[in-house]
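Examining the three-dimensional arrangement
Chain residues, written in single-letter form:
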Amino acid sequence: MDETTPLMIRPQQGPQTGQLPWDPRRSCIAGVLVLITLTLERLAFYALVANLFLFLSLGRWSPDSGMTAVLLLVGVAHFSALGGGWLADAWIGRYWALVAGLSLYVVGFSLLTAAAAGVLCNPANSTSPFCVTEMYAIIICVGFAAGTVRANFPSFGAEQVKYGGTDSLRRFFNWYYWCVNIGSLLGVGALSYVALDMPNGFLRAFAGTCGCLIVALILFACGRPYYLVHRPAGSVLMNILCILCEAISGRCHLRRQTSIQSSPLIERRSQRPVTSPSWLDYAKIRYGGSHHDAAVEDVKKLGIVLLLFTSLLPYWLVFFQIETGFQEQGVHLKIGFEKNFNMPTAWLSLFDQIFILALIPVMNSVIYPYFDRHGYRVTLLSRIAFGMSFSFMAAIAAGVLEFLSIYQWKHGNRVTQVIHNVTYNASDMSLLWQVPQYCLVGTAEVFAGVAGLEFAYSAAPRPLQGVAMGMFSAMEGIGSLLGTALISALSPTWIRKDSQHFQGHLDYYFFLLAGIQGWALAIFTLWLLVKRVREMNSTPTPPPEPAPVS
């Protein structure tokens, strides 16, 4: 039996191709189970990300500690995706990696439910933060679970439908992206309402989320007879590390021999310039290494992709303010509306999700085809530059709003509001003034986020596309961790406790992020212009036509 043969389905080889015949029923069942599991998993993750800051604030955590915890969760989730992909490729395969990730999810949310119920730790001490050690352990557990699942779900789902042709893959990835956003909408919307507006809200929300994860694990496991399960075939990461080590070793060995082998006689015999190899070329067989030229060239292309991902770090710094800085700003804006309705601050992130769901179809079916018809192709790099621009505007909008909020509070336009039995000082400005900055972040994600994901697939060589996706996710994690370090550095002065919020300067923090993003945008735009000029100058001009002979 071939290792890609689904269990409980007898393989029948095609008479000419020798491949498994297309089974739409099996593929449909497998694809639906994967997408339902994905939706429930994303619901749980985004529900925790959106509500963790407020949950910790109610547990007497300071604002900088709560923001650090959220950024740690997001950072571990993104950065561990590279390790989750390596674990699946080298050791246990994607199916068992997903089972392990979902099981770790259930453990983490079970402990979180116990913490919300007051069972995990003793909350008797009312002066110290609540369950610090336990909460950090839960955050790391859930982060590793999310990273393992995120690294393997796209490729595992694609394997179930890829034999149906290119159209099947495109339809799957479209549904995949929509399920991610629908899970986010449900997690942020419904569970945020349960957590904030019901008795024992966080306990009910976390218990319900844990139940969703248990259902997801059972559904995914029940689909095993219909899945195409590949065995682990070794990790590409080990080959990359071997190439890097051989290249460094070969380059160092060459430098030691340069003074011995160099000779004036040899230099005089060399009449034409010789292009010196790059340091990675010394891993090639012809330069003393043990790797073929194609493998080394693939690593070179991966390095270019890594450089582009590095330029997106300021964008991720602004993007993660949805779960941190914007939340801190939101609890100090007026959340009350008519009929005694208080809007949960986490609901504002729904505008980001809704804006993405509405804008992507418009861009794909209207805007991009319009430019294509008129001969203006919007490249991936141009889309990333547009995304950086909207990210810069989002940080500016947040800083201006915070500046005006502080101004209003200092001039007596202030209110006192209670959020889940905790009193917050707030200005008289409505929470809805945050809508523009959320929409700008959503627009930036449509351009820079989606284009970066597409660039990871298109620019990376085929054998390293999985590694490129892991690197893309890891760069998001690095951006989150950099945000954690930045908050820790600024918390004594600009970011203060909730009771002293208006004595701090959260607006300076947003303007600093705008400055970092602005510098990155300027450098990236300058690089694009230089690249365009070089391409125009390298284009050969046609020779002049010979004059007619009279």
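Everything below is about the structure shown above.
So, here's what we can say about the structure. Computed from a prediction, not measured in an experiment: that's the story for all the values here.

Another aspect to go through is the overall build of the protein chain. Check the secondary structure of the protein chain and you find 16 helices and 4 strands. Residues counted as buried form 47% of the 550 residues belonging to the protein chain. A separation threshold of at least 6 residues defines the contact pool for the protein chain, and within that pool the share at least 24 residues apart is 80%. For the protein chain, the exposed area adds up to about 27300 Å²; of that, 64% sits on carbon and sulfur atoms.

Let us look at the packing of aromatic side chains. Per the stated rule, a full pass over the model turns up 30 aromatic pairs. Taken together, a centroid distance of 5.8 Å and an interplanar angle of 75 degrees make the contact between Tyr370 and Phe371 edge-to-face. Using a relative accessible area of 33% as the deciding quantity, one classes Phe371 as partly exposed. Three or more aromatic residues joined by ring pairs form one cluster here, namely Tyr95, Trp96, Phe153, Phe156, Phe220 and Tyr227. Positioned over the ring face of Tyr95 is Arg224, at 4.7 Å from the centre of the ring. When the ring centre of Trp409 is taken as reference, the NZ or CZ atom of Arg414 above it lies at 3.9 Å.

Direction vectors running N to C along helix α2 (residues 63-79) and helix α4 (residues 132-161) enclose 30 degrees, while the axes themselves pass 6 Å from each other. If you check the angle between α2 and α4, you find them roughly parallel. Helix-helix and strand crossings are classified by hand; for α2 and α4 the assignment is right-handed. Facing α2, whose interface residues are Ser65, Ala69, Leu72, Leu73, Val76, Ala77 and His78, α4 presents Tyr136, Ile139, Ile140, Val142, Gly143, Phe144, Ala146, Gly147 and Arg150. Taken together, the residues of the contact of α2 with α4 sort by class into 11 nonpolar, 4 polar and 1 charged.

Let's shift gears to a nonpolar patch on the surface. The grouping of Leu104, Val107, Leu111, Ile140 and Phe144 at the surface amounts to a nonpolar patch, some 390 Å² of accessible area in total. Put simply, the parts of the chain that give the nonpolar patch at least two residues each are α3 (81-116) and α4. Element by element, the count of residues in the nonpolar patch is highest for α3, at 3 residues. Along the chain, Phe144 turns up in helix α4. We classify Phe144 as partly exposed; its relative accessible area is 43%.

Attention shifts here to the pattern of salt bridges. Per the stated rule, a full pass over the model turns up 3 salt bridges. Glu476 is paired through a salt bridge with Arg150; the nearest N and O atoms lie 2.9 Å apart. Remark: Arg150 occurs in helix α4 and Glu476 occurs in helix α15 (residues 465-490); sequence separation between them is 326 residues. Looking at Glu476, the relative accessible area reads 4%, which means it is buried. Its salt-bridge partner being Lys334, residue Asp428 comes within 3.5 Å of it at the nearest N-O pair. Of the two residues, Asp428 sits in the loop between β4 (422-427) and α14 (435-458) while Lys334 sits in the loop between α11 (325-330) and β1 (336-337), which places them 94 residues apart along the sequence.

This part takes up the side chain of Ser427. Along the chain, Ser427 falls in strand β4. Of note is the side chain of Ser427, whose polar atom sits 2.8 Å from the side chain of Ser405. Apart from the residues lying within four places of it in its own chain, the contact partners of Ser427 are His332, Leu333, Lys334, Ser405, Gln408, Trp409, Asn413, Arg414, Val415 and Phe502.

Mapping Ser391 onto the fold places it in helix α13 (residues 380-410). Sequence separation between Ser391 and Ala514 is 123 residues; the distance between their C-alpha atoms is 8.0 Å. Excluding residues within four positions of it along the chain, Ser391 makes contact with Tyr315, Val318, Ala444 and Gln517.

With that settled, consider the nonpolar core. Note on soluble globular proteins: their nonpolar side chains tend to be buried together. Of all hydrophobic cores here, the largest spans 130 residues; its most connected members are Tyr105, Phe109, Met135, Phe220, Tyr227 and Tyr509. When residues of this core are assigned to their parent elements, the largest contribution, 17 residues, is made by helix α1 (residues 24-58). With 7 residues, the next largest nonpolar core counts Leu359, Met363, Tyr368 and Val446 among its residues.

Calculation rules
Per chain, residue numbering runs from 1 following the sequence as it is written. Reporting in this predicted model follows two pLDDT cut-offs: at least 70 for local features of residues, and 80 or more for side-chain atom pairs to be given and counted; totals over whole chains, interfaces and linings ignore these cut-offs and use all residues. Values shown for side chains rest on all heavy atoms present in the structure; no hydrogens or waters enter the calculation. A run of DSSP states H or I qualifies as a helix once it reaches four residues; a run of E qualifies as a strand once it reaches two. Both are numbered from the N-terminal end. Categorising residues by exposure relies on relative accessible area from a 1.4 Å probe, with only protein chains included: less than 20% of the type maximum marks a residue as buried, more than 50% marks it as exposed, and the intermediate range marks it as partly exposed. We call two residues in contact when some of their heavy atoms are within 4.5 Å. Note on areas: Shrake-Rupley with a 1.4 Å probe; residue coverage comes only from the protein chains shown. Aromatic pairs are defined between Phe, Tyr and Trp rings, using the six-membered ring for Trp, whenever the two ring centres lie within 6.5 Å; interplanar angles under 30 degrees are classed as stacked, those over 60 as edge-to-face, and all others as tilted. Whether a charge sits over a ring depends on NZ of Lys or CZ of Arg being within 6 Å of the ring centre and within 35 degrees of the ring normal. Convention adopted: a line fitted to C-alpha atoms gives each axis, helices being fitted over their contacting stretch, and angles between N-to-C directions are expressed from 0 to 180 degrees. Angle categories are assigned with fixed cut-offs, so that under 35 degrees is roughly parallel, over 145 is roughly antiparallel, 65 to 115 is roughly perpendicular, and the rest are oblique. Here a crossing is called left-handed whenever its near helix is offset anticlockwise from the far helix by less than a right angle, and right-handed whenever the offset is clockwise. Charged means Asp, Glu, Lys or Arg here, nonpolar means Ala, Val, Leu, Ile, Met, Phe, Trp, Tyr, Cys or Pro, and polar covers whatever is left, Gly included. Patch membership requires more than 30% relative accessible area and the absence of a salt bridge. Residues of like charge join within 9 Å; the nonpolar side chains Val, Leu, Ile, Met, Phe, Trp and Tyr join within 5 Å. Think of a salt bridge as a Lys or Arg side-chain nitrogen and an Asp or Glu carboxyl oxygen that are within 4 Å of each other. Identification of polar contacts relies on pairs of N or O atoms within 3.5 Å, with a donor-acceptor requirement for protein atoms, meaning one able to donate a hydrogen and the other able to accept it, and with residues adjacent in sequence counted only if both atoms are side-chain atoms. What makes a nonpolar core is a set of buried Ala, Val, Leu, Ile, Met, Phe, Trp, Tyr and Cys residues whose side-chain atoms join them at distances within 4.5 Å.

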